[in-house]
Amino acid sequence: MIRIFTLAAAAVTAIMLIAGCTVGPPYVKPEVGTPSTFKEGSPAAYTGADAGAWQPAQPQDAALKGKWWEVFGEPELNALEEQLNINNQNIAQFFQNFMAARAQVGIARASYFPTLTTVPSAARTHSSGALGSGVATANGTGSVVGTSGNTFDTFQMPFDVSWQPDLFGRIRNTVREARNAAQVSAADLENERLTEQASLAEFYFQLRGQDALQDLYNETLDAQRKSLQLTRVLLETGIDSPEDVAQAEVTLANTEATAVGITTNRAIYEHAIATLIGKPASDFSMPVKALSTPVPTVPVDIPSKLLQRRPDIAAAERTMAQANALIGVETAAYFPTLDLTASGGFEAAAIKSLFTAPARFWSLGASASQTILDGGLRKATVRQYTAQFNADAAAYRQSVLTAFQQVEDYIATVRVLSQQIERQKAAVAAARRFLDFATSRYQTGIDPYLNVITAQTTLLSDQQTEVTLRVNEMTAAVQLIQALGGGWDVSQLPSAAEVTRQNVATR
């Protein structure tokens, strides 16, 4: 007995030494070219810019934080974003996907350990009396239990142990693959959270833009009603003509019809916000408040830091690591597997004797398996996962290039829109002077009412353009913050140890 256990201990020790070998290529994150600065954010891009035009803040002046929306200084938006983080169902779905990915790590880790099973049994058996005197019968274990015509009892308490040592890293690579997949899921969660947050901010400013347009149309309608009243008064005095009154009525009716359409757009944005914060659209409403938020100075850091601050880039990088681990899993198939088994327990004809020394039984065994010929299956499988890794590497590089492009795009967009707004303000001021001049000349009978209509239409069009530019500027600022990662950092990604732990508080 001592010799058996000594041999078993020696075998386990040898197995543990062999298990230190892990096959498969080591993971090395590919290098990507990064520019030293963002071209659109450099001082040269703002040379000769209009006074009051937007410029990005330097990293040392400000930094995006986790609650990035607070840079807009809108308490109502802040409250909505907090509700979104708690109640948004898309975020909840991605969080549960992350929980499922974490559970997969536990499933993979279970293969490190032996499996222990037991099947207790009790049986009462009567052997056939037709077998003849002296003929022995046997139970399922092969031991003699009685002769023909006898009734006997059998009690068993067996234990079976099986273990497949991780000789060449198949299980370790499987666990590594599951951990990387969980980190991919965590990065996807943060990317979805950022996407939903940005969508809410964009809808909020779009809605406030509709409120600004509504105020503009209300002001315009008041002016047009006064103009219509004036034309009617002048008609009664014989100064004006019925055609001028008709023109004023048509202009007023067209403006009223357009103003009604604005309420539809506002309702659509309000409903979208309700869905994002997890509320039925029927139970949610927002008070009217015209857009007055100035665009913030968004801090733009050096491009190399963008690789650490975009959750979608983090997800692409972890996907590469996951594919690399799968290559190791499939490479391990070239090597043999070893199965160790042991069984033992107690067996007796009487339950009172079941746990006594004579009732013990045991056995030890080992088997090895090795695929000799598989028609090139293993080789093709390794090539498949190697190609998948290369594809993921290309996807990672493309994600980085896209990120640089988006940042450059939105810096340029905010910068150019701010310059357009400054010039559009001048156009609005000029259109207002034109209207005042045309109205004065009409009241004195110098010009026809058509000139007033032309001036009113020009002013309204210029004012609409200004509101649209301001809304576009705010949404572009949101998109720029999203392109910069929204204050997220790769250090917030759960580590391998954190994705392994199962007891984590729900966010």
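Residues numbered from 1 in each chain as written. Predicted model: local features only at pLDDT ≥ 70, side-chain atom pairs only at ≥ 80, totals over all residues. Heavy atoms only, no water.

Draft legend 1. Highlighting the overall build of the protein chain. Within the protein chain, the secondary structure is distributed over 10 helices and 7 strands. When each of the 507 residues of the protein chain is scored for burial, the buried share is 40%. Of the roughly 26,400 Å² of accessible surface on the protein chain, 57% is carried by carbon and sulfur atoms. (Helix = DSSP H or I, 4+ residues; strand = E, 2+ residues; numbered from the N terminus. Buried < 20%, exposed > 50% of the residue type's maximum accessible area, 1.4 Å probe, protein only. Areas by Shrake-Rupley, 256 points an atom, 1.4 Å probe, with all protein chains shown as cover.)

Draft legend 2. Region of interest: the packing of helix 4 (residues 170–236) against helix 9 (residues 449–483). It is the contact of helix 4 with helix 9, at a shortest axis distance of 9 Å, that shows an interaxial angle of 170°. On the basis of the axis angle, helix 4 is roughly antiparallel to helix 9. (Axes fitted to C-alpha atoms, helices over the stretch in contact; angles between N-to-C directions. Parallel < 35°, antiparallel > 145°, perpendicular 65-115°, else oblique.)

Draft legend 3. Quick peek at the packing of aromatic side chains. All chains considered together, the criterion is met by 9 aromatic pairs. Look at phenylalanine 38 and phenylalanine 404: their rings are 6.4 Å apart centre to centre, the planes differ by 70°, and that puts the pair in the edge-to-face class. Of the two residues, phenylalanine 38 sits in the loop between helix 1 (2–18) and helix 2 (75–87) while phenylalanine 404 sits in helix 8 (residues 377–443), which places them 366 residues apart along the sequence. Across this residue pair, the class does not change: phenylalanine 38 and phenylalanine 404 are buried. Between tyrosine 204 and phenylalanine 205 the ring centres are 5.4 Å apart and the planes differ by 80°, which places this aromatic pair in the edge-to-face class. Overall, tyrosine 204 belongs to the buried group, its relative accessible area being 0%. (Phe/Tyr/Trp six-rings, centres within 6.5 Å; stacked < 30°, edge-to-face > 60°.)

Draft legend 4. Spotlight on the side chain of aspartate 447. Within the element layout of this structure, aspartate 447 appears in the loop between helix 8 and helix 9. A polar atom in the side chain of aspartate 447 sits 2.4 Å from the side chain of arginine 441. (Polar contact = N/O pair within 3.5 Å; in protein donor to acceptor, adjacent residues only side chain to side chain.)

Draft legend 5. Spatial organisation of the nonpolar core. Grouped together as the largest cluster of nonpolar side chains are 84 residues, with contacts concentrated most on Trp68 and Phe72. Those elements that provide at least two residues to this core are helix 2, helix 3 (89–109), helix 4, helix 5 (242–276), helix 6 (303–309), helix 7 (311–331), helix 8 and helix 9. Of all the elements, helix 8 adds the most residues to this core, at 17 residues. Setting aside residues up to four positions removed in sequence, phenylalanine 72 forms contacts with Leu77, Phe205, Thr293, Pro296, Met474, Ala477, Val478 and Ile481. Judged by nonpolar contacts, the second largest core, of 15 residues, contains Ala101, Ile171, Ala315 and Leu493. (Core = buried A, V, L, I, M, F, W, Y, C linked by side-chain atoms within 4.5 Å. Contact = heavy atoms within 4.5 Å.)

Draft legend 6. Spotlight on the pattern of salt bridges. Following the criterion strictly, the structure yields 21 salt bridges and no others. Aspartate 301 serves as the salt-bridge partner of arginine 309, at 3.3 Å between the closest nitrogen and oxygen. Of the residues examined, aspartate 301 reaches a relative accessible area of 17% and is grouped as buried. (Salt bridge = Lys/Arg side-chain N within 4 Å of Asp/Glu carboxyl O.)

Draft legend 7. Representation of a nonpolar patch on the surface in the model. A contiguous nonpolar surface patch, about 250 Å² in accessible area, is contributed by Leu116, Phe159 and Val161. Its location among the elements puts phenylalanine 159 in strand 5 (residues 151–163). (Patch = residues over 30% accessible without salt bridge, like charges linked within 9 Å, V, L, I, M, F, W, Y side chains within 5 Å.)

Draft legend 8. Just the pairing of strand 6 (residues 337–348), in detail. Summarising the sheet, strand 5 and strand 6 pair through 9 bridges and their orientation is antiparallel. Paired with proline 158 across the strands is glycine 345, a residue of strand 6. Pairing of strand 6 with strand 7 (residues 360–369) involves 10 bridges; the strand directions are antiparallel. When the sheet's bridge partners are listed, threonine 337 is paired in strand 7 with serine 369. (Pairing = 2+ DSSP bridges.)

Draft legend 9. Inspection of helix 2 at higher detail. The end-to-end C-alpha distance of helix 2 is 19 Å, a good match for the 18 Å that 13 residues give at a rise of 1.5 Å each. If you check which residues of helix 2 are buried, you get Leu77, Asn78, Leu80, Glu81 and Leu84. Projection of helix 2 onto a plane perpendicular to its axis shows the buried side chains occupying an angular sector of 165°, all on one side. Those residues of helix 2 that are exposed and angled more than 90 degrees off the buried face are Pro75 and Ile86. Buried residues along helix 2 sit in contact with helix 3, helix 4 and helix 5. (Expected span 1.5 Å × (residues − 1). Arc of directions from axis to C-beta.)

Draft legend 10. How the structure looks around helix 4. For helix 4, built from 67 residues, the straight-helix expectation of 99 Å at 1.5 Å per residue is met to within 8% by its first-to-last C-alpha distance of 97 Å. Taken from the residues just after helix 4, glycine 238 is the one with a positive phi, measuring 85°.

Draft legend 11. Summary view of the environment of proline 311. When you line up the elements, proline 311 lands in helix 7. Those residues in contact with proline 311 that lie beyond four places of it in its chain are Ala187, Glu190, Asn191, Leu194, Gly485 and Trp488.

Draft legend 12. Region of interest: the packing of helix 4 against helix 7. Two elements in contact, helix 4 and helix 7, have axes separated by 8 Å at closest approach and are oriented at 165°. One element, helix 4, and the other, helix 7, form an angle in the roughly antiparallel class. Every pair of crossing elements has a handedness; the one defined by helix 4 and helix 7 is left-handed. In terms of residue class, the contact of helix 4 with helix 7 is built from 11 nonpolar, 8 polar and 7 charged. (Left-handed = near helix turned anticlockwise from the far one by under 90°. Nonpolar A, V, L, I, M, F, W, Y, C, P; charged D, E, K, R; others polar.)

Draft legend 13. Just the confidence of the model for the protein chain, in detail. Per-residue confidence for the protein chain averages 87 on the pLDDT scale, and 89% of its residues sit at or above 70. Considering each helix and strand of the protein chain separately, the mean pLDDT is smallest for strand 3 (residues 136–138), with a value of 44, and largest for helix 2, with 96. Predicted confidence for residues 1–5 stays below pLDDT 50, and this span has 3 contacts to residues more than four positions away or in other chains. Residue range residues 503–507 is modelled with pLDDT below 50. Its contacts to residues more than four positions away, or to other chains, number 7 contacts. (pLDDT = per-residue confidence, 0-100.)

Draft legend 14. Structural detail: the side chain of glutamine 210. Inspection of the secondary structure assignment puts glutamine 210 in helix 4. For glutamine 210, a relative accessible area of 10% translates into the label buried.

Draft legend 15. Local environment of the environment of threonine 195. By secondary structure assignment, the location of threonine 195 is in helix 4. Sequence separation between threonine 195 and glycine 486 is 291 residues; the distance between their C-alpha atoms is 9.6 Å. A polar atom in the side chain of threonine 195 sits 2.8 Å from the backbone oxygen of asparagine 191.

Draft legend 16. Expanded view of the environment of lysine 67. With respect to the helices and strands, lysine 67 occurs in the loop between helix 1 and helix 2. For the pair lysine 67 and glutamine 197, spaced 130 residues apart in the sequence, the C-alpha separation amounts to 9.7 Å.

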